[in-house]
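Below are the chains, spelled out letter by letter.
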Amino acid sequence: MCRLCDEGRPQNHFGGRRGFLKAAAAAGAAMTAFDLLAAGPAAANEAPAPLGSGERGRRYVIRGGAVMSMDPTVGDFAQADVLVEGKKIIAVGPNLQAGGAAVIDARGRIVMPGFIDTHHHQFETALRSFLADGLLLPGTPGGDINYYQYILLKFAPVYRPQDVYINELFGSLSQLDAGVTTVHDISQIHHSPAHSDAAIQGLIASGRRAAFGYFESAGGVAGNQYPIDAARIKKQWFSSTDQLTTMIMGGEVYLPGYEKAWQIGRELGLQVAAHILSPFGIRPTLDLLAQGKGGDSGTLALGPDNLFVHMTGMSDLGWQKVKDTGAQVSLAVPIEMNMRHGMPPILKMQSLGLEPSLSVDVECTLTADFFTQMRSCMNVQRALVNQAILDQGLATGDWWPTTQPPGLPNPLTSRDVLRYATINGAKGLRLDGKVGSLTPGKEADIIILDATAINVAPLNNVPGAVVSLMERSNVETVIVAGKLRKWKGRLLDTDLAGLRAQLEASRDYLFTAAGVGQDLFR
Ligand SMILES: [Zn+2]
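Summarised in this report is the structure supplied together with it. Bear in mind the structure is a predicted one, so any value in this text is a computation, not a measurement.

## Remarks on the overall build of the chain
When helices and strands are counted, the chain shows 16 helices and 17 strands. Against the compact-globule benchmark of 24 Å for 522 residues, the chain has a radius of gyration of 24 Å, which places it among compact chains. The principal-axis extents of the C-alpha atoms in the chain amount to approximately 75 × 65 × 50 Å. Considering the chain as a whole, with its 522 residues, one finds that 56% of them fall into the buried category. Pairs at least 24 residues apart make up 71% of the contacts formed inside the chain by residues separated by at least 6 positions. If you sum the accessible surface of the chain, you get close to 21,200 Å²; carbon and sulfur atoms cover 54% of it. Across the chain, 46 positive and 49 negative side-chain charges occur, with their mean positions spaced 6 Å apart.

Take a look at the structure:
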């Protein structure tokens with residue numbers, strides 16, 4: 001029996017003009033699609049999701065929200081509509097004629113592109129909060145339980161393919177729930193081809209957009225096929241460009257023989273990504289790459305196909321080459337501050353006219369939500385800028401200096417960090433032709449944020465409300481390539497309890513196999 005009428009079999013009332021007209025005629029009145037979905041405002045939150053979203057030819061319109069497109073040519077609207085057909089955005093603007101398209105009521109909501117995370121180690125999801133107080137390396141107070149010795153050398157080597165799969169899937173769904181529609185998953189867990197395939201299958205199973213980062217096998221497990229399995233992986237899983245998942249080659253420059261990984265990645269036409277940070281002794285290595293003298297051959301050079309993560313503690317030479325070649329930079333601001341990677345180089349980037357994308361890095365230490373990312377980035381940059389301005393007056397007793405020191409960038413705005421979190425992320429992953437903004441012709445990766453919620457209302461400034469007030473609970477609806485994945489606060493097609501049980505079982509195995517005791521109050 002259909003849920004919405006008396007027909008004996010399920011009906012598609014919202015999938016096309018014909019279906020809509022049939023339903024309207026059966027109802028005997030000139031109803032709007034919204035009327036069909038909900039009897040009145042009180043029932044709006046109970047409306048069922050439009051059926052068949054994301055499928056070829058299926059249309060729906062997101063009606064009446066505050067639309068922040070993140071595309072200057074499209075602009076912003078205090079109240080407007082977004083029309084979606086199949087996977088793509090067809091139109092953005094006020095009072096769109098949508099024919100018989102199903103309606104998603106977005107009144108009181110903010111409609112914007114999904115967030116894009118350009119660096120995240122999702123295989124560590126089962127280790128969440130284990131290293132909340134941790135540093136990268138041992139050697140000083142606070143470093144007893146550190147990332148290198150515990151996460152990479154104790155936990156990572158004992159992962160089985162099934163651990164990889166459930167960690168990747170759960171981490172993906174969790175970020176999807178928080179409105180992060182795209183991730184670059186830097187999986188360093190390729191102990192065998194089965195591990196690699198499990199990581200990819202976990203990403204695909206979530207129904208989320210993902211760049212699979214094929215990095216090394218953390219802990220150096222014997223017999224791993226990195227990097228030579230890259231060609232097989234690309235051919236088996238990434239032969240089409242018309243899919244949600246893409247591939248990036250990892251080539252860590254602190255590992256011996258990294259030139260081979262770079263060469264394989266470049267032969268396959270992939271971006272080549274690497275962690276670049278001074279604690280791993282990388283500064284002189286980046287300088288060599290900047291001079292075209294890197295790798296075993298002494299001739300390897302960085303290029304526009306590079307995606308560098310962190311970039312803390314690098315020289316002016318390295319930075320200038322990154323700018324000149326157009327390499328991409330991803331900053332994991334909260335992690336960099338917390339785990340002693342070094343000061344996030346936001347001011348350096350601004351001084352060069354560069355902009356970063358943002359990334360989560362590791363949930364063993366900090367949350368993967370993007371509101372935290374944006375707030376942290378904005379706050380640390382403004383703290384640095386504000387103090388530099390105040391410092392000018394300390395000697396003279398000018399307690400509110402009104403001159404900007406030469407070369408000091410302006411304070412970041414909410415709009416700036418929203419750009420970092422959306423379109424810059426798309427550029428960083430070479431996906432800006434597909435996503436990153438609400439632009440007609442792009443794929444519909446859209447989030448709908450509740451601005452009527454108790455922590456946000458009344459709405460006075462759209463970018464400000466998103467960056468300064470919102471958190472995961474305000475992410476009401478999430479759409480990936482036109483398909484509804486979260487609807488009115490709940491992930492669709494997800495057995496969360498079952499998946500959580502699998503993740504907990506994986507966690508129990510990992511701690512036991514790694515010889516690390518579980519202690520909730522360590
Ligand atoms: Zn990382």
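What follows picks up the thread again.
## Here's the deal with the sheet that holds strand β6 (residues 115-120)
Across the sheet, 8 strands lie side by side as β6-β7-β8-β9-β10-β11-β12-β13; this open sheet has parallel pairing. In the strand order of this sheet, the two ends are held by β6 and β13 (357-358), each with one partner. The strands that helix α6 (residues 230-237) touches are β8 (209-214) and β9 (245-250); relative to β9, the one it contacts most, it runs at about 170 degrees. Taken strand by strand, helix α7 (residues 258-267) contacts β9, β10 (272-277) and β11 (306-312), and its axis lies near 150 degrees from that of β9.

## As for the coordination of the zinc ion
Binding of the zinc ion to the protein goes through H119 (NE2), H121 (NE2), H275 (NE2) and D361 (OD), at separations of 2.0 to 2.5 Å. In this structure, the zinc ion is coordinated by 4 donor atoms arranged in irregular fashion, with angles at the metal of 79 to 172 degrees. All donors of the zinc ion come from a single chain, and their spacing in sequence reads H-x1-H-x153-H-x85-D. With a relative accessible area of 0%, H119 lands in the buried category. Classification of H121 by relative accessible area gives buried; the value is 2%.

## Considering the pattern of salt bridges
Per the counting criterion, the structure on display carries 22 salt bridges. A salt bridge links D316 to K348; its shortest N-O distance comes to 2.6 Å. You can see D316 sitting in helix α9 (residues 316-325) and its partner K348 sitting in helix α11 (residues 346-351), a full 32 residues away along the chain.

## Let's talk about the packing of aromatic side chains
Any pair of aromatic rings gets described here by the distance separating the centres and the angle formed by the planes. On inspection of all chains with the given rule, the structure shows 12 aromatic pairs. The interplanar angle of 75 degrees and the centroid separation of 5.7 Å between the aromatic rings of F130 and F511 together place this pair among those described as edge-to-face. One end of the pair, F130, is in the loop between β6 and α3 (147-155); the other, F511, is in helix α16 (residues 496-514), and 381 residues separate them in sequence. Here F130 and F511 have matching classes, each one buried.

## Observations regarding the packing of helix α4 (residues 161-177) against helix α5 (residues 193-205)
Direction vectors running N to C along α4 and α5 enclose 25 degrees, while the axes themselves pass 8 Å from each other. One finds that α4 runs roughly parallel with respect to α5. Classified by chirality, the crossing of α5 by α4 is right-handed. On the side of α4, the interface is formed by P161, V164, Y165, E168, L169 and S172, while α5 contributes A194, H195, A198, A199, Q201, G202, L203 and A205.

## Comments concerning the pairing of strand β14 (residues 446-450)
Taking burial as the measure, the 5 residues of β14 include 5 buried ones, the bulk of the element. On β14, burial covers both faces: I446, I448 and D450 on one face and I447 and L449 on the other are all buried. In the sheet, strand β5 (residues 109-113) pairs with β14 via 5 bridges, with the strands oriented antiparallel. What sits directly across from M112, in β14, is I447.

## Examining the packing of α5 against α6
Direction vectors running N to C along α5 and α6 enclose 35 degrees, while the axes themselves pass 11 Å from each other. When you trace α5 past α6, the crossing you get is right-handed. From α5, P193, S196, D197, I200, Q201 and I204 reach across to α6, where they touch R232, I233, Q236 and W237. Residue composition of the contact of α5 with α6, grouped by class: 5 nonpolar, 3 polar and 2 charged.

## Some remarks on the nonpolar core
In terms of nonpolar packing, the biggest core is built from 110 residues, with F115, F155, F308, M374 and V466 touching the most fellow members. In contact with V466, other than residues within four places in its own chain, are M68, I110, M112, F115, F371, M374, R375, L418 and L449. I89, V92, A444 and I446 belong to the second largest nonpolar core, which has 23 residues in total.

## Comments concerning the environment of A49
Looking at where A49 falls in the secondary structure, it is placed in the loop between α2 (33-37) and β1 (59-68). For A49, a relative accessible area of 18% translates into the label buried. Residues A49 and A465 lie 416 residues apart in sequence; the distance between their C-alpha atoms is 26 Å.

## What about helix α13 (residues 414-421)?
Among the 8 residues that make up α13, 6 are buried, leaving the element largely enclosed by the rest of the structure. For α13, the full list of buried residues reads S414, D416, V417, L418, Y420 and A421.

## Some details on unusual backbone geometry
Of note, the bond from Y226 into P227 is cis; its omega dihedral lies within 30 degrees of zero at 0 degrees. Inspection of the secondary structure puts P227 in the loop between β8 and α6. The omega angle of the peptide bond from A457 to P458 is 0 degrees, so this bond is cis rather than trans. Looking at the secondary structure, you find P458 in the loop between β14 and α15 (462-469). Although it is not a glycine, S129 sits at a positive phi angle of roughly 65 degrees. Relative to the helices and strands, S129 resides in the loop between β6 and α3.

Definitions and cut-offs
- Residues numbered from 1 in each chain as written.
- Predicted model: local features only at pLDDT ≥ 70, side-chain atom pairs only at ≥ 80, totals over all residues.
- Heavy atoms only, no water.
- Helix = DSSP H or I, 4+ residues; strand = E, 2+ residues; numbered from the N terminus.
- Rg over C-alpha atoms; globule rule 2.2 N^0.38 Å.
- Buried < 20%, exposed > 50% of the residue type's maximum accessible area, 1.4 Å probe, protein only.
- Contact = heavy atoms within 4.5 Å.
- Areas by Shrake-Rupley, 256 points an atom, 1.4 Å probe, with all protein chains shown as cover.
- Lys, Arg positive; Asp, Glu negative; His and termini not counted.
- Charge placed at Lys NZ, Arg CZ, Asp CG, Glu CD.
- Pairing = 2+ DSSP bridges.
- Axes fitted to C-alpha atoms, helices over the stretch in contact; angles between N-to-C directions.
- Donors = N, O, S within 2.8 Å, 3.2 Å for Na, K, Ca; no water.
- Tetrahedral: all angles 85-135°; square planar, octahedral: opposite > 155°, others 65-115°.
- Salt bridge = Lys/Arg side-chain N within 4 Å of Asp/Glu carboxyl O.
- Phe/Tyr/Trp six-rings, centres within 6.5 Å; stacked < 30°, edge-to-face > 60°.
- Parallel < 35°, antiparallel > 145°, perpendicular 65-115°, else oblique.
- Left-handed = near helix turned anticlockwise from the far one by under 90°.
- Nonpolar A, V, L, I, M, F, W, Y, C, P; charged D, E, K, R; others polar.
- Core = buried A, V, L, I, M, F, W, Y, C linked by side-chain atoms within 4.5 Å.

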